[in-house]
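Structural description and commentary
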Amino acid sequence: MPSFDIVSEVDPQEIDNAVNQTTKEVAQRYDFKGSDNEITFDKDAITILAADDYKLQAIIDILKGKLVRRNVSPKCLDPGKKEPASHGAVRQRLAIVQGVDKEKGKQIVKLIKDTKLKVQAQIMEDQVRVTGKKIDDLREVIDMLKGQDLGLELQFVNMRS
């Protein structure tokens, strides 16, 4: 039976490259001169330390622009709350969302069932597998999901016929 998987994945190397480009741009920009700003990336989050709220938001905007240029959706960033740091600075942690969680998976399955197409959807760990007898039905599901805003960047992989 034809099937495909719905996943939400990002390439950590592309995120690392975007963080490095953002660090370089922040170091060169005139409005950041004389202030301590720091961007660090580990495998599951980006931490930004900025002198004030304005600079923090500017760094996040620069980072999102760099991510878009590298074909990584900014939807993969889940901003945490702003925390005060020493000397009036502000720190924010941006978690990197990987995979489709249970709640989003249930929402995707419900959307697929509401289409009344002859396909089955099941949640498998951090992805959703869709199977059906006709490839055309699967393509309709993909087109329908591309039109939805679920707060995730979805990829459709492992198309089998």
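All of these numbers come straight from a predicted model, not from anything done at the bench.

Let's talk about helix H1 (residues 12–28)
- Taking 1.5 Å of rise per residue, 17 residues should cover 24 Å, and H1 covers 25 Å from first to last C-alpha, within 8% of that figure.
- Burial in H1 covers these residues: Ile 15, Ala 18, Val 19, Thr 22 and Val 26. Down the axis, H1 shows its buried residues gathered within 100 degrees of arc, on one side only. The exposed residues of H1 that point more than 90 degrees off its buried face are Lys 24, Ala 27 and Gln 28.
- Looking at the packing, one finds that the buried side of H1 touches strand S2 (38–42), strand S3 (45–50), helix H2 (53–69) and strand S6 (90–96).

Thoughts on the pairing of strand S7 (residues 119–124)
- Examined bridge by bridge, S7 and strand S8 (residues 127–132) share six bridges and lie antiparallel to one another. Among the inter-strand pairings, Ile 123 is bridged to a residue of S8, identified as Val 128.
- Hairpin connection, S7 to S8: the antiparallel pair is bridged by two residues, and Glu 125 has positive phi, about 55 degrees.

About the thresholds
Residues numbered from 1 in each chain as written. Predicted model: local features only at pLDDT ≥ 70, side-chain atom pairs only at ≥ 80, totals over all residues. Heavy atoms only, no water. Helix = DSSP H or I, 4+ residues; strand = E, 2+ residues; numbered from the N terminus. Expected span 1.5 Å × (residues − 1). Buried < 20%, exposed > 50% of the residue type's maximum accessible area, 1.4 Å probe, protein only. Arc of directions from axis to C-beta. Contact = heavy atoms within 4.5 Å. Pairing = 2+ DSSP bridges.

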